[in-house]
Structure formats: C-alpha cells, structure tokens
Amino acid sequence: MSTTIPNAPPDERSDDELADMEFGKLTSKEYLYVSKHPVGEPLPTPIDDEPPYVIFLATYISYGILIIIGHVRDFFGKIFKPQDYEDLVEHDGYAPWYDGFESFYVRRLKTRIDDCFARPIHGAPGRHVKCFERTRFGRTGYKYSGKMRDCLNLSSYNYLGFGQSHGVCTDISKKTVDDYGTSGCSARNICGTSDLHKECEKIVADFVGKEDAIVVSQGYGTNANFFASLVDSKCLVISDELNHASIRFGIRISGASVKVFRHNDIANLEKLLREQIAQGQPRTHRPWKKIVIAVEGLYSMEGNMCNLPDLVKLKNKYKCYLFVDEAHSIGALGPGGRGVCDYFSIPPSDIDVLMGTFTKSFGATGGYIAADKVVIDRLRLDYITNVYAESIPPPVLGQIMSSLNVIKGTINPGEGAERLQRIAFNSRYLRLGLKKLGFIVYGADDSPVIPMLLFLPAKMAAFSRAMYDVGIAVVIVSYPATPLISARARFCVSAALTKEDLDYVLKKIDELGEEIFLKFSSGIAGGSPIPGVAPRMSIEDVIATNVEDCKKPRLM
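Residues numbered from 1 in each chain as written. Predicted model: local features only at pLDDT ≥ 70, side-chain atom pairs only at ≥ 80, totals over all residues. Heavy atoms only, no water.

Labelled according to an unreviewed UniProt entry, the protein appears under the name serine C-palmitoyltransferase, originating from Meyerozyma guilliermondii. In UniProt, the protein has this text filed under Cofactor (unreviewed entry): "pyridoxal 5'-phosphate". UniProt, in the comment section headed Sequence similarities (unreviewed entry), describes the protein in these words: "Belongs to the class-II pyridoxal-phosphate-dependent aminotransferase family." (UniProt positions renumbered as here; feature names shortened; annotations may be inferred.)

Trainee: What's the story with the domain arrangement of the protein in this structure? I'm lost.
Mentor: For an interface, size is often stated in terms of accessible area lost upon the parts coming together. By the assigned domains, the protein splits into domain 1 (1–8 + 25–153 + 419–555) and domain 2 (168–408). Taking only C-alpha atoms, the centre of domain 1 and the centre of domain 2 are 28 Å apart. With 22 residues of domain 1 in contact, the opposing surface of domain 2 contributes 21 residues. Carbon and sulfur atoms supply 62% of the area that domain 1 and domain 2 bury against each other, a total of about 1,800 Å² over both sides. When the area that domain 1 buries against domain 2 is broken down by residue, the three leading residues are His 37, Leu 43 and Leu 420, summing to 30%. In this structure, the connection of domain 1 to domain 2 is made through one salt bridge. When the shortest N-O distance is used, the salt bridge between Glu 302 and Arg 488 registers 3.1 Å. Of all elements in the fold, only α15 (415–436), β11 (449–455) and β14 (487–492) reach the threshold of two or more residues within the side of domain 1 that touches domain 2. (Domains from an automatic or database assignment. Contact = heavy atoms within 4.5 Å. Buried area = accessible area lost by both parts, 1.4 Å probe. Salt bridge = Lys/Arg side-chain N within 4 Å of Asp/Glu carboxyl O. Helix = DSSP H or I, 4+ residues; strand = E, 2+ residues; numbered from the N terminus.)

Trainee: Any chance you could explain the UniProt feature "transmembrane region" (unreviewed entry) in the protein here in plain terms?
Mentor: According to UniProt, the positions carrying the feature "transmembrane region" (unreviewed entry) are residues 53–72. Regarding residues 53–72, the helix share stands at 100% and the strand share at 0%, and the terminal C-alpha atoms are separated by 29 Å.

Trainee: Before we go on, may I ask you to explain the sheet that holds strand β1 (residues 121–122) in this structure?
Mentor: For sheets, the rule is that strands pair by backbone hydrogen bonds, running either parallel or antiparallel. The strand order across the open sheet built from four strands is β1-β2-β3-β12, with neighbouring strands paired in mixed fashion. This sheet does not close on itself; its edge strands, each paired only once, are β1 and β12 (472–473). Two elements, β1 and strand β2 (residues 128–137), share two bridges in a ladder whose sense is antiparallel. Looking across to β2, one finds that His 122 is bridged to Lys 130. (Pairing = 2+ DSSP bridges.)

Trainee: How should I be thinking about helix α2 (residues 53–80) in this particular structure?
Mentor: If you check α2, its first and last C-alpha atoms are 40 Å apart, about what 28 residues at 1.5 Å a residue would give, namely 40 Å. Along α2, the positions that sit buried rather than exposed are Ile 55, Phe 56, Thr 59, Tyr 63, Leu 66, Gly 70, Asp 74 and Gly 77. On its buried face, α2 sits against α3 (104–108), β11 and α16 (457–469). (Expected span 1.5 Å × (residues − 1). Buried < 20%, exposed > 50% of the residue type's maximum accessible area, 1.4 Å probe, protein only.)

Trainee: Looking at this model, I keep getting lost on the sheet that holds strand β10 (residues 367–371). Mind explaining?
Mentor: Read from one edge to the other, the open sheet built from seven strands follows the order β4-β10-β9-β8-β7-β5-β6, with strand pairing classed as mixed. Among the strands making up the open sheet, the edge pair consists of β4 (212–216) and β6 (257–261). When strand polarity is set aside, the average angle formed by the axes of neighbouring strands in this sheet is 20°. Across four bridges, the pairing between strand β5 (residues 236–240) and strand β7 (residues 291–296) is parallel. Looking across to β7, one finds that Ser 239 is bridged to Ala 294. (Axes fitted to C-alpha atoms, helices over the stretch in contact; angles between N-to-C directions.)

Trainee: Whenever I open this one, unusual backbone geometry confuses me. Can you help?
Mentor: Leaving glycine out, the prevailing phi sign among residues is negative, and the prevailing peptide bond configuration is trans. Omega for the bond connecting Tyr 479 with Pro 480 falls within 30 degrees of zero, at 10°, which places this linkage in the cis form. Considering the arrangement of structural elements, one finds Pro 480 in the loop between β13 (475–477) and β14. Here Asn 264, not a glycine, exhibits a phi torsion of approximately 60°, which is positive. Mapped onto the secondary structure, Asn 264 falls in the loop between β6 and α9 (266–279). Taking relative accessible area as the criterion, Asn 264 reaches 24% and is therefore assigned partly exposed. With a phi angle near 55°, Lys 319 is a residue other than glycine that sits in the positive phi range.

Trainee: I keep staring at the nonpolar core and nothing clicks. Help me out?
Mentor: The nonpolar side chains of a soluble globular protein tend to be buried, and buried together. Ranked by internal contacts, the top residues of the largest apolar core, which has 69 residues, are Leu 273, Ile 293, Val 295, Leu 308, Leu 322 and Phe 358. Among the domains, domain 1 (1–8 + 25–153 + 419–555) and domain 2 (168–408) are the pair contributing at least three residues each to this core. Contacts of Phe 358, omitting those with residues within four sequence positions, involve Val 204, Val 215, Gly 363, Ala 364, Thr 365, Gly 366, Gly 367, Tyr 368, Ile 392 and Ile 400. Counting 56 residues, the second-largest nonpolar core is a separate cluster that includes Cys 116, Leu 152, Met 452 and Leu 518. (Core = buried A, V, L, I, M, F, W, Y, C linked by side-chain atoms within 4.5 Å.)

Next comes the structure, spelled out in structure tokens:
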C-alpha cells in the first residue's frame with residue numbers, strides 16, 4: 001500500500017514569483033500566432049511517418065519477451081509463492097478472479113512503470129507543476145520524502161493557463177464564494193439551478209454561437225448521458241473509430257444502432273451513410289428516425305482535427321445530424337478561441353449539437369451542450385446529468401464565466417487574445433522543433449496536443465523518468481489507450497509556457513533522443529530541410545530557424 005502523502009512545506013516565493021511560475025511573461029511579440037485554417041482550402045491529410053521495420057520488430061519482440069518471462073514467473077510463483085497468486089488460482093471452491101493472460105499487461109508491464117503514471121502533485125498546474133518526491137518499494141508501495149520538485153508542465157490540459165491561483169479569474173471565484181457560498185445553498189438559500197447557472201448558460205451559448213446551452217457538473221457525464229435523450233433504438237449513430245470512451249458509452253446506453261467509420265475518412269463515412277440510408281432499420285428496413293454523425297473537434301490521443309468542412313457538406317447532402325465534441329478544441333483553437341467552427345470559419349448554425357468541457361481551456365470543471373433552443377428545452381426534461389446530478393458549484397461557475405469573458409475581451413481586454421496567440425505559437429513551435437530534430441510526431445499543425453512516438457515499451461519508462469530528472473513533467477500513453485505498438489509521449493502545450501521554456505524542452509528531448517535512440521523520422525511528415533532526406537537538424541539550427549518557420553502555412 002502507498003503511504004500517506006505528507007503536507008508540502010510552505011512556499012517562500014513572493015506573489016510575483018508565484019504568478020510567474022504559474023504563467024510565464026511574454027518575452028517578445030514575435031512569439032504570437034493566430035490559429036486559423038485558410039477559408040476554402042481543403043484540410044491537409046496528416047502524414048503518419050513510420051519508423052524502420054526493425055523498430056516494429058523490436059517492439060513485438062519486447063512484448064514477446066515480457067509475455068514469456070511473465071508466464072514463467074506465474075508458473076513457478078503459483079508453486080513457490082502461492083500467497084502472491086491467490087487471485088489467479090481456484091481456492092475454497094471459488095473461481096480465480098481473472099485469468100493470468102488477460103491480466104498480463106497490467107501485472108507485467110504497467111506495475112513495472114507505475115511510478116511514471118499518476119505522479120502526485122499539488123498546487124496550480126500552470127507553467128510549472130509541483131511533484132512530490134517519492135521512492136518505490138515493493139510492488140506497489142511508495143515512500144514520500146516530504147520534498148517536492150518544480151517541473152515544467154507539459155502534462156496538463158490547462159491550455160490557456162487559466163488554472164491559476166493568481167489573477168482575475170481567481171479573484172472572481174473568491175468573490176463568488178463570498179456571495180453564494182461553496183454550494184450555492186447558504187448565502188442566498190439557493191439549491192440546484194441559480195441565477196449564476198442561467199447567466200453562465202447564456203454566456204456559453206453566446207460564446208459558441210448557438211441559441212441556447214445547458215451546463216452540467218461532469219465532463220465525462222456530459223456525453224455519457226446525452227445520447228439517451230437524443231436517440232433511441234430506431235435511430236442510427238455513426239461514430240468515428242477514435243471517439244472518446246464517453247461518446248461510445250453514451251451511444252451504447254442510448255439503445256441506438258451504431259456504425260463506426262475509419263478515423264477522419266470522409267469517403268468511408270459517405271459510403272456507410274449511403275448503405276444505411278438504403279438499408280434502413282434492421283429487420284423492418286424502415287427509414288431511420290434520425291441519423292447522427294458523432295465526431296470530436298480535436299482528438300486527444302492523435303492530436304489531429306476532424307475534417308469539419310467536408311463533414312458539414314455530407315451532413316447537408318444526406319440530411320442527417322452532426323454532433324461535435326469540442327472538449328479539447330474549445331478555447332484552444334481559432335482566432336477567438338471558439339473551437340473548430342472558428343478555426344475553419346464555419347457558422348456554428350451548421351452544426352446541430354456542440355458539446356464541450358470546462359476542464360481544459362477554462363481551468364474549471366463540468367461540461368455543456370449547446371444547440372438550438374428547442375433541443376435544449378427538450379434536454380431540460382430528461383437529460384440525466386442535468387436532472388439528477390449535482391449542479392456546478394458557484395465558485396466554479398465564477399471561474400467559467402470569468403475565463404470566457406477574458407477570452408471575449410469583456411474583462412482585461414487584450415489578455416484573452418494574447419493567451420490564444422501564445423498557445424497557437426507554442427503548439428507550432430514545439431511540434432516543428434521535434435520534427436526538425438528527427439522525432440516522429442503525429443497530429444495537425446495547430447493542435448496543442450503533440451504525440452511523439454516511442455514504440456518500444458522500455459522507452460516509455462526511460463523517457464518519462466529522464467524527463468522528470470531534468471525537471472519536465474510529461475505524460476506517456478500506451479495500450480489500451482493506443483495501439484499496442486504505438487506507445488507515445490503526449491505533450492500538452494499551454495499558453496503559460498514561454499518560448500525559452502520550449503527551447504529548454506527541445507534541448508533535453510534532443511539529448512535524450514540521441515541517448516536512447518528515439519529519432520526514427522524519415523522526414524516525409526515535414527520538418528526536414530529536404531523532405532524525405534536527412535531529417536535531423538542540430539538543436540542550435542532548430543532554435544535559430546524555428547520562430548520564422550513555424551509561422552509558415554504548413555510546417556514542412
């Protein structure tokens with residue numbers, strides 16, 4: 001069992017130093033960029049670079065060795081250490097909890113590198129994040145020294161840097177506590193929906209460009225219960241294969257029929273639409289009551305965007321409905337931070353339902369559904385997350401509304417625009433820098449989610465631990481969140497980071513990439529001086545040329 005995490009010692013920094021630790025100061029107007037797709041131009045298809053075949057072979061061999069060693073240990077462990085394997089064998093007439101092979105990945109890989117996951121932190125996850133120092137003992141135990149380490153934060157969804165303990169949003173949240181209390185039921189004797197909730201819904205609807213919106217206290221629950229209020233067994237939902245688990249779960253419990261199309265493959269989607277319209281419902285072949293296309297604006301594991309212009313064309317051509325999950329794109333994309341519609345210059349009226357969360361760009365919690373007023377009025381009747389769940393607490397509403405108003409410019413004019421342009425620049429700067437250095441990077445140019453491929457299981461732990469040792473907090477992602485052989489480091493870029501921070505990150509990744517052999521890129525996905533040839537540049541050349549190059553239309 002893990003020991004209790006001790007209280008952190010008080011931070012002796014001044015308020016200005018703490019504010020700078022949470023949100024770095026802009027050092028040059030050069031380090032700003034506006035994320036916007038050229039109107040009328042097709043969305044470029046991201047090129048997924050592939051490593052040499054020997055890397056794939058080594059990855060499969062690595063997992064094969066883990067499997068063999070794991071089964072040998074299981075075989076002898078059941079004989080010589082039966083007390084450690086009680087959950088894998090029959091005892092007292094009861095079947096084992098699980099089969100040794102089905103639990104192999106968790107027991108034989110994840111537990112070996114568990115120190116790389118769920119590192120305990122405290123304080124605001126801004127430009128820096130404070131990690132508790134700990135050492136591992138036994139199979140699952142940790143000892144905490146009581147000390148902490150400041151790390152540059154490339155592991156948080158705090159895209160615009162609003163997750164601060166200093167600033168206008170924090171001040172407004174504190175005032176909301178004074179006015180309403182923490183639950184909304186004390187100062188004004190209000191429970192459930194209050195005037196703050198109604199005001200927040202109006203601000204959200206206006207921000208995303210829809211007639212009305214409904215806000216709820218759970219991000220995952222926003223999708224998990226939404227589809228049950230929208231569709232039934234006589235409806236069809238066509239879902240992108242890489243949609244988030246909350247969407248898949250929501251569709252499953254709705255009882256609707258579901259078909260899956262290949263990720264971002266518009267031709268495959270159109271073929272599926274034509275087949276389903278022609279065939280109709282199973283057995284009866286009657287026309288579907290509704291056909292809903294469900295996609296995400298920005299995919300958090302791949303770092304790429306939906307092809308919204310072509311999706312809207314298909315939706316209008318076949319008279320179906322379009323649902324867009326903007327959990328990661330709202331606030332992070334577009335000149336005004338209004339998500340993929342803003343990024344592609346598409347009127348929000350062309351999208352039937354826009355969903356988003358407040359847990360990322362806005363530094364809060366909860367989610368929203370925005371649509372035409374008739375749809376939202378219907379949702380207020382039986383949308384389970386709204387009807388039965390706790391409502392959003394007043395201080396969180398204060399954070400949501402104040403961050404939205406900062407982005408819109410009604411509070412602290414200019415601050416929101418700077419944050420949006422900083423995340424746009426930072427995203428492109430880090431992505432292009434990694435490509436130039438020879439790393440395989442997935443995703444769209446303007447995406448603040450930057451997956452860098454590691455492939456071999458041993459390199460997940462090596463990369464995470466080495467980055468932590470040099471003061472950089474990163475997230476590594478592997479199976480089952482990704483395909484087995486596509487383990488990756490996922491950098492989440494924030495407006496709080498400075499260009500100098502990113503230079504430090506590039507230098508340390510460059511050094512580690514040489515040390516543990518991570519530079520697999522062929523150059524075909526961009527970043528190479530000569531595409532497809534000699535993709536690697538020195539770190540000095542990258543830093544010298546990256547500012548100018550990252551402002552070009554394509555990161556090639």
